[in-house]
Amino acid sequence: MISKIEPEASIRVAIVGAGLGGLAAAIAIAREGHHVTVLEQASTLQEVGAGIQVPPNSSKILARWGLLDQIEAVAVKPNDFRLRSYRDGSLLSTQNMIPHAKAVYGAPYLHIHRADYHAILVREAIRLGVEIVLNARATGIDFDRPAVVFEDRTAFEADLIVGADGLKSRCRESMLGREDPPYLTGDLAYRIILRIEDMKKVPALHDLIEKPNIDYWMGPGCHAVSYMLQGGQAYNVVLICPDTLPEDLHILEADPEEMRLLFKDWDPRLRAMLDLVVETKKWRLRDSREMPTWTHPSGKFVLMGDACHATLPYLAQGAAQAIEDGAALGALLGQVNQTWQISDALRRFETMRKPRTERVVRESRALQDIFHLPDGGAQMKRDFNLTQMKPFEGY
Ligand code: FAD
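Residues numbered from 1 in each chain as written. Predicted model: local features only at pLDDT ≥ 70, side-chain atom pairs only at ≥ 80, totals over all residues.

The protein chain carries the name FAD-binding domain-containing protein in an unreviewed UniProt entry, which gives Aureobasidium pullulans as its organism. We quote the UniProt Sequence similarities (unreviewed entry) comment for the protein chain here in full: "Belongs to the paxM FAD-dependent monooxygenase family." (UniProt positions renumbered as here; feature names shortened; annotations may be inferred.)

Novice: I'd like a description of the overall build of the protein chain, backed by residues and values.
Specialist: The number of helices and strands found in the protein chain is 14 helices and 18 strands. A globule of 395 residues ought to have a C-alpha radius of gyration of about 21 Å, and the protein chain, at 22 Å, matches this closely. Across its three principal directions, the C-alpha atoms of the protein chain cover 65 × 45 × 35 Å. Buried positions account for 44% of the 395 residues belonging to the protein chain. (Helix = DSSP H or I, 4+ residues; strand = E, 2+ residues; numbered from the N terminus. Rg over C-alpha atoms; globule rule 2.2 N^0.38 Å. Buried ≥ 20, exposed ≤ 12 C-beta atoms within 10 Å, placed from the backbone.)

Novice: Provide a residue-level description of the pairing of strand 14 (residues 222–229), including the pertinent values.
Specialist: Burial runs high along strand 14: seven of the eight residues are buried. Summarising the sheet, strand 13 (residues 214–219) and strand 14 pair through six bridges and their orientation is antiparallel. Bridge pairing links Gly-219 to Cys-222 in strand 14. What sits between the antiparallel neighbours strand 13 and strand 14 is a turn of two residues, in which Gly-221 has the positive phi angle 75°. With seven bridges joining them, strand 14 and strand 15 (residues 234–242) adopt antiparallel strand pairing. If you follow Val-225 over to strand 15, its bridge partner there is Val-238. Between strand 14 and strand 15, which pair antiparallel and follow one another directly, the connecting turn spans four residues, one of which, Gln-230, has a positive phi of 45°. (Pairing = 2+ DSSP bridges.)

Novice: Break down the UniProt feature "domain: FAD-binding" (unreviewed entry) in the protein chain for me, with residues and values.
Specialist: When the UniProt feature table is mapped onto this chain numbering, "domain: FAD-binding" (unreviewed entry) sits at residues 12–364. Segment residues 12–364 splits into 35% helix and 28% strand. End C-alpha atoms: 35 Å apart.

Novice: Quick rundown of the sheet that holds strand 7 (residues 131–133)? Include the residues and the values.
Specialist: Strands belonging to one sheet form pairs held by backbone hydrogen bonds; the direction of such a pair is parallel or antiparallel. The parallel open sheet is built from five strands, whose spatial order is 7-2-1-11-18. Where the open sheet ends on each side, the last strands, each with one partner, are strand 7 and strand 18 (301–303). Strand-to-strand, the axes of this sheet are offset by a mean angle of 20°, without reference to chain direction. Where strand 1 (residues 12–16) and strand 11 (residues 160–163) come together, four bridges link them in parallel fashion. Along strand 11, the bridge assignment pairs Val-13 with Leu-160. (Axes fitted to C-alpha atoms, helices over the stretch in contact; angles between N-to-C directions.)

Novice: Lay out the site of the ligand in plain terms, naming residues and giving numbers.
Specialist: Near the ligand lie 36 residues; those nearest to it are Gly-17, Gly-19, Gly-166, Gly-305 and Gly-318. Broken down by secondary-structure element, the contributors of at least two residues to the shell around the ligand are helix 1 (20–31), strand 3 (51–54), strand 12 (183–195), strand 17 (280–287) and helix 12 (318–333). Take the shell around the ligand: its biggest share by element is four residues, from helix 12. Across the shell around the ligand, the residue classes tally to 19 nonpolar, 11 polar and six charged. (Near = placed C-beta within 6 Å. Nonpolar A, V, L, I, M, F, W, Y, C, P; charged D, E, K, R; others polar.)

Novice: For the sheet that holds strand 9 (residues 147–150), give the residues involved together with the corresponding values.
Specialist: Read from one edge to the other, the open sheet built from three strands follows the order 8-9-10, with strand pairing classed as antiparallel. Of all strands in the sheet, those with a lone pairing partner are strand 8 (138–142) and strand 10 (155–157), marking the two edges. Averaged over neighbouring strand pairs, the angle between their axes works out to 25° when direction is ignored. By the bridge criterion, four bridges tie strand 8 to strand 9 in an arrangement that is antiparallel. Within strand 9, the position partnered with Ile-141 by the bridge is Val-148.

Novice: Explain helix 5 (residues 114–127) residue by residue, including any values.
Specialist: With 14 residues, helix 5 extends 20 Å between its outermost C-alpha atoms, agreeing within 8% with the 20 Å of an ideal straight helix rising 1.5 Å per residue. Among all positions of helix 5, only Arg-114, Tyr-117, His-118, Leu-121, Val-122, Glu-124 and Ala-125 are buried. All buried residues of helix 5 fall inside an arc of 165° around its axis, so they share one side. Packed against the buried residues of helix 5 are helix 1, strand 3, strand 6 (110–113) and strand 7. Residue Gly-129 follows helix 5 closely and has a positive phi angle near 95°. (Expected span 1.5 Å × (residues − 1). Arc of directions from axis to C-beta. Contact = placed C-beta atoms within 7 Å.)

Okay, structure coming up:
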């Protein structure tokens, strides 16, 4: 274990939630020599069966933690970021990620299966001595002790509690002292994973899979994103469409036919991909309202990740921001060797992180209108502007 702090000067940190954010915080804080316990409600450690984009702001942190080799071994590096006409798939803009992502940001742009990403973070956390407790569903926080409280009224005490329990955070509601359901965005996502072997049999798809790229199609009310995964064995497709889920259900099995109908007038490549889909689910997309503060007045509790800044995925930044949160929290707690110093570290954490994450939430939400413009003048202007973009102006 990397231990910068004398054992007697380390603090005890409890993190609620073993998602990508909670694990990132666990790694960063344990690297500073503090004692970390992660409390996870699930009975097994796992992530959603889908892909995730790892932009350079997060891959840079993974590199600093010595994890980039492991990540790259199971990830894919896209050559180009391609924006296509939704009608016929003609290219509107091509931004070359290789070599520019690394040259400009000092770290690569990657795609990875969430399960692989999560497993690497779990292994690293355990290697650093982090204790991960499963079946530990927090029902609230006792801010004075401080302690995480469970359904059976038992509690887990620590010097600092970090609420990393995602979009439907009990920790957030406990701090606010009221229910705080996530904000409905009006969109949902179909998440699909195809086998490259199946795609190879369809000539219309060869253009998409001859080398790794990220492809985007933007049309009225919907958009689609696709990229390779798992060393080129699998292919991830996400379709974003208007939310038609019943009020009380946030994830539902979906009939592939309904999805094909929604995209029936789109690029034949996209339709050919959807013809290969046997099963899929749809997920309601929600994000969060800005909170007045992430830190409890006791100075012993803080929120991070989706628990305080859930973000529409249109900039592929939600998890990347949670990883940044974890890294920032670790670096600031690295300056702490007495419990009375924690509140100052949390104040600095919030000052540093809140404006940045709120900007990402707002900018991701703003893309909803831009991506989903109806046919007409504004859409034509957007697409024309894309054709005028020079390579690697960013997006
Ligand atoms: P979560 O991943 O939600 O983890 C929370 C954890 O806390 C879970 O393990 C949960 O079981 C646990 N938990 C919950 N409640 C309790 C409780 N009461 N007690 C104990 N444990 C609890 N981001 C990107 O960076 N790139 C992308 O390409 C990208 N694509 C996306 C595509 C889609 C369709 C969606 C919906 C999101 C996407 N995101 C992307 C966003 C990203 O998935 C999230 O921002 C990120 O996973 C948040 O991590 P987290 O650890 O904060 O929360």
